[in-house]
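Structural description and commentary
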Amino acid sequence: FIGNSYTFVNDLPTTYKMIMDSRLPGYALTLDSSTGPGRTLGQAAQDAECQRKVKAGRYDFLVLQDQSCLPGIPDSFFPQKAQSTWALQNFFGPHARRAGAVVVLVETWGRRDGAPVCGDNPVLKEMFPTFAAMQSKLTSGYTGYKAALERAGANVRVVRSGEAHATLRLQAPSLFARLYAADGSHPSAVGQYLTACGLFAALNGAQRSQWKDPASSWKPPGITAEEADIIAHAAVPANKIPTVDSMAGDWVSKYELKQPTTWRVRESRVFVVANGQEHLQGNLVGSVRRSLSLQPGGSSITQLVGDTAWWSDGDVWTRVEGNQPAHYV
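What comes next is a walk through the structure. Sequence positions are assigned chain by chain, starting from 1 and proceeding in written order. The predicted origin of the model limits local features to residues at a pLDDT of at least 70 and limits the giving and counting of side-chain atom pairs to 80 or more, whereas totals for whole chains, interfaces and linings rest on all residues. Here the side-chain values reflect all heavy atoms present in the structure, with hydrogen atoms and water set aside.

1. Comments concerning the sheet that holds strand 14 (residues 316-321)
Under the convention used in this document: For two strands to count as paired, DSSP must find a minimum of two bridges between them. For the purposes of this entry, the term helix denotes a DSSP run of H or I that reaches at least four residues, the term strand denotes a run of E that reaches at least two, and both are numbered from the N terminus. Throughout, a residue-residue contact means that at least one pair of heavy atoms, one from each residue, lies within 4.5 Å. Axis angles are defined between N-to-C directions and span 0 to 180 degrees, where every axis is a line fitted to C-alpha atoms and, for a helix, only to the segment in contact.
If you walk across this open sheet you meet the nine strands as 6-12-13-14-7-8-9-10-11, and the pairing is antiparallel. This sheet does not close on itself; its edge strands, each paired only once, are strand 6 (239-240) and strand 11 (293-295). As paired elements, strand 13 (residues 308-311) and strand 14 share three bridges and run antiparallel to each other. The residue bridging Trp310 from the neighbouring strand is Val316, located in strand 14. In this fold helix 7 (residues 131-151) packs onto strand 7 (249-253), strand 13 and strand 14, with an angle of close to 150° to the strand it touches most, strand 14. Most of the contacts of helix 8 (residues 161-171) go to strand 14, to which it runs at about 20°, and overall it touches strand 13 and strand 14.

2. Focus: the pairing of strand 8 (residues 262-266)
Taken together, the three bridges between strand 7 and strand 8 define a ladder with antiparallel strand orientation. Looking at the pairing, Trp251 lines up with Trp263 of strand 8. Pairing of strand 8 with strand 9 (residues 269-274) involves five bridges; the strand directions are antiparallel. Residue pairing in the sheet places Trp263 in a bridge with Val272 of strand 9. Connecting strand 8 to the antiparallel partner strand 9 that follows it, the hairpin turn spans two residues, and Glu267 within it adopts a positive phi of roughly 55°.

3. Describing unusual backbone geometry
That bond from Gln295 to Pro296 is cis: its omega, 0°, falls within 30 degrees of zero. Considering the arrangement of structural elements, one finds Pro296 in the loop between strand 11 and strand 12 (301-305). Of note in the backbone geometry, Asp11 takes a positive phi value of approximately 55° without being a glycine. Looking at where Asp11 falls in the secondary structure, it is placed in the loop between helix 1 (5-8) and helix 2 (12-23).

4. Quick word on the packing of aromatic side chains
Rules: In this scheme Phe, Tyr and Trp rings, the latter by its six-membered ring, pair at centre separations within 6.5 Å, and the angle between planes marks the pair as stacked below 30 degrees, edge-to-face above 60, and tilted otherwise. In this scheme, a residue with accessible area under 20% of its type's maximum is buried, one over 50% is exposed, and one in between is partly exposed, where area comes from a 1.4 Å probe on protein chains only.
Summed over all chains, the structure comprises 10 aromatic pairs. Centroid distance Phe176 to Tyr180: 5.4 Å. Interplanar angle 75°. Geometry classified as edge-to-face. Its relative accessible area of 6% is what places Tyr180 among the buried residues. Judged by centre distance (6.0 Å) and plane angle (45°), the ring pair of Trp251 and Trp317 falls under tilted. Within this pair, whereas Trp251 is found in strand 7, its partner Trp317 is found in strand 14, the two being separated by 66 residues in sequence. No difference in accessibility class separates Trp251 from Trp317, as the two residues are buried. Here the aromatic cluster, defined as three or more aromatic residues joined through ring pairs, consists of Trp251, Trp263, Trp311 and Trp317.

So, in structure tokens, the structure goes:
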């Protein structure tokens, strides 16, 4: 595990091991980590201890998590972002490839209230006005990180913990509030359990038929069997076919800045909602040979996972309200 306080607060490695031992017993598991408060992946790649462990190659999975906000910021804004991208493509990816290991990116999540808990940096306040605006940018950033690793020839999996947070925010608001420590940023024991459930699924998909039910397996104190089941299912957002019905509702895009703008899909029509007024932008159009696209304009939906939609022009939408199908079926 290479990461920072999002990794070591409430101990992601140990939480993962507890889930692994109870839901898929009988497998020997060895864990190691290199973490530091607020540490970026660019900084980790320059750390002597981290370099030694990564270069040694004695691992099957190399689990990486960047500083909480950084992946959602363009490379041109802060040099630290460009350094993280460089480290993925030129250090972590090549060494994992040589070791025959899988790189696992653990996506960070939007802070509970967006900018109010992002400190006093005016750039962050502008970029992250809400949870959903922050999450859309983080989702896009980790998609870019995956591409950087793949350019280095690495085998990559992504734990979409941010999408899981977004799903719980809509489907189980009381659980969503419990995902955070008091600062509205770091993971509580419940939040780390959510991430560890996603990690468990990402690392052990080939053994899915052997998984034990989360409700009857280990879980942190204070989580009921029913809540454990909800969290474990939310941790692996379902792939869905983009249709007019599945896109119905209100969304926030990665281009959301200080003045909130909402995209609204109603029937086949797409609106921008600003200052309480709807402004028609076009229609969602689909065909047998072509994915759902916005016309005029032509940008199409390339992927719909849980409550997150990826667009061919690079935008990412996070759902904030709508009558979407239930996820826990």
